[in-house]
Amino acid sequence: MQPSVTLFGPLDTILGNPTVGGSFLIEYIIFGVVIVNFLTRQLAHRSHVKQYENGGADAISRHPAHTFTNIALIVLSFFYMTLHHHGGMVLSVLVLGAVITDFFEFESRKVEARRDIPLERPKGAIVAALVVFMYAGYQSLFWVIKGPWSAIV
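For the structure given in this document, a descriptive report is provided here.

Rules and cut-offs
Residue positions are given per chain, counted from 1 along the sequence in the order it is written. Where totals are concerned, whole chains, interfaces and linings use all residues; where local detail is concerned, this predicted model gives features only for residues with pLDDT of at least 70, and gives and counts side-chain atom pairs only at 80 or more. Only hydrogens and water are removed before side-chain values are computed, so all heavy atoms of the structure are retained for them. For salt bridges, the criterion is a side-chain nitrogen of Lys or Arg within 4 Å of an Asp or Glu carboxyl oxygen. The secondary structure listing takes helices from DSSP runs of H or I that are at least 4 residues long and strands from runs of E that are at least 2 residues long, numbered from the N terminus. Burial here depends on accessible area, computed with a 1.4 Å probe over protein chains only, as a share of the maximum for the residue type. Under 20% is buried, over 50% is exposed, and the range in between is partly exposed. Here the axes come from fitting lines to C-alpha atoms, over the contacting stretch only for helices, and the angles between their N-to-C directions go from 0 to 180 degrees. Comment on the angle field: the value is read as roughly parallel under 35 degrees, roughly antiparallel over 145, roughly perpendicular from 65 to 115, and oblique elsewhere. Should the near helix be turned anticlockwise from the far one by less than a right angle, the crossing is left-handed, and should it be turned clockwise, the crossing is right-handed. In what follows, residue pairs with any heavy atoms lying within 4.5 Å of each other are defined as contacts. Any two rings among Phe, Tyr and Trp, with Trp reduced to its six-membered ring, count as a pair given centres within 6.5 Å; such a pair is stacked if its planes are under 30 degrees apart, edge-to-face if over 60, and tilted if neither. By nonpolar core we mean a set of buried residues, namely Ala, Val, Leu, Ile, Met, Phe, Trp, Tyr and Cys, connected to one another through side-chain atoms within 4.5 Å.

**Quick word on the pattern of salt bridges**
- A complete count under the given rule lists five salt bridges for this structure.
- A salt bridge links Asp102 to Arg41; the nearest nitrogen and oxygen atoms lie 2.9 Å apart. Here Asp102, found in helix α4 (residues 85-114), pairs with Arg41, found in helix α2 (residues 25-55); they are 61 residues apart in sequence, far enough to count as distant.
- Residue classification places Arg41 among the buried residues on the basis of a relative accessible area of 6%.
- Residues Glu105 and Arg109 are paired through a salt bridge, measuring 2.6 Å at the closest nitrogen-oxygen approach. Of this pair, Glu105 and Arg109 both sit in helix α4, four residues apart, roughly one helical turn. Per residue, the accessibility class of Glu105 equals that of Arg109, and both read buried.
- Taken together, the shared-partner salt bridges in this structure form one network comprising Glu105, Arg109 and Glu112.

So, in structure tokens, the structure goes:
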């Protein structure tokens, strides 16, 4: 679906033109940022464990790279909503859910540190990020299975 009116001018033209299989370039960028978000989530958890071991509960702080990828996902999903309304709305809701879950998982790590129990992995945030990963993959890589899918459906 090509936008009839561009909200962001040249940015819409560059990122919004259909490429391989009719997908938008922004879909691949979002998918890449989701993958980077998984990596920064792992880095953040390792950082939290080290901070807890070295300085206790008060030393635990948010990892800047993970915070950046969360903000980037929010901005990119909102931008995607201006290009592809339905897919962008679904993706934005999923991304916001994952970011909110990530916020509460961070607070859970702080509580665990204050209670002097071992820090768990952020399981809820990982599951929410997996849902975002699956939907972003569906949006960007659907052209891979489009033929067989069309034959069945």
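Next, the rest of the story.
**Here's the deal with the packing of α4 against helix α5 (residues 123-152)**
- The N-to-C vectors of α4 and α5 enclose an angle of 160°; their axes lie 8 Å apart at closest approach. Considering the angle they form, α4 stands roughly antiparallel to α5. Classified by chirality, the crossing of α5 by α4 is left-handed. Only Lys123, Gly124, Ala125, Ala128, Ala129, Val131, Val132, Tyr135, Ala136 and Gln139 of α5 make contact with α4, whose side of the interface consists of Gly87, Val90, Leu91, Leu94, Val95, Ala98, Thr101, Asp102 and Glu105.

**Remarks on the packing of aromatic side chains**
- Taken as a whole and assessed by the stated rule, the structure comprises five aromatic pairs.
- Here the aromatic rings of Phe38 and Phe133 are separated by 5.9 Å at their centres, their planes lie at 80°, and the arrangement is edge-to-face. Of the two residues, Phe38 sits in helix α2 while Phe133 sits in helix α5, which places them 95 residues apart along the sequence.
- Every member of this aromatic cluster is reached through a ring pair, and the members are Phe31, Phe38 and Phe133.

**Description of the environment of Val93**
- Along the polypeptide, Val93 turns up in helix α4.
- Overall, the relative accessible area of 52% leaves Val93 in the exposed class.
- Sequence separation between Val93 and Val132 is 39 residues; the distance between their C-alpha atoms is 9.4 Å.

**Some points on the nonpolar core**
- Counting 21 residues, the largest nonpolar core has Ile26, Ile30, Leu91 and Val95 as its most contacted members.
- Where this core is concerned, the elements lending two or more residues are α2, α3 (64-83), α4 and α5.
- The greatest single-element share of this core, amounting to seven residues, is contributed by α3.
- Within the second largest apolar cluster, six residues are counted, among which are Ala57, Ile60, Phe106 and Ala113.

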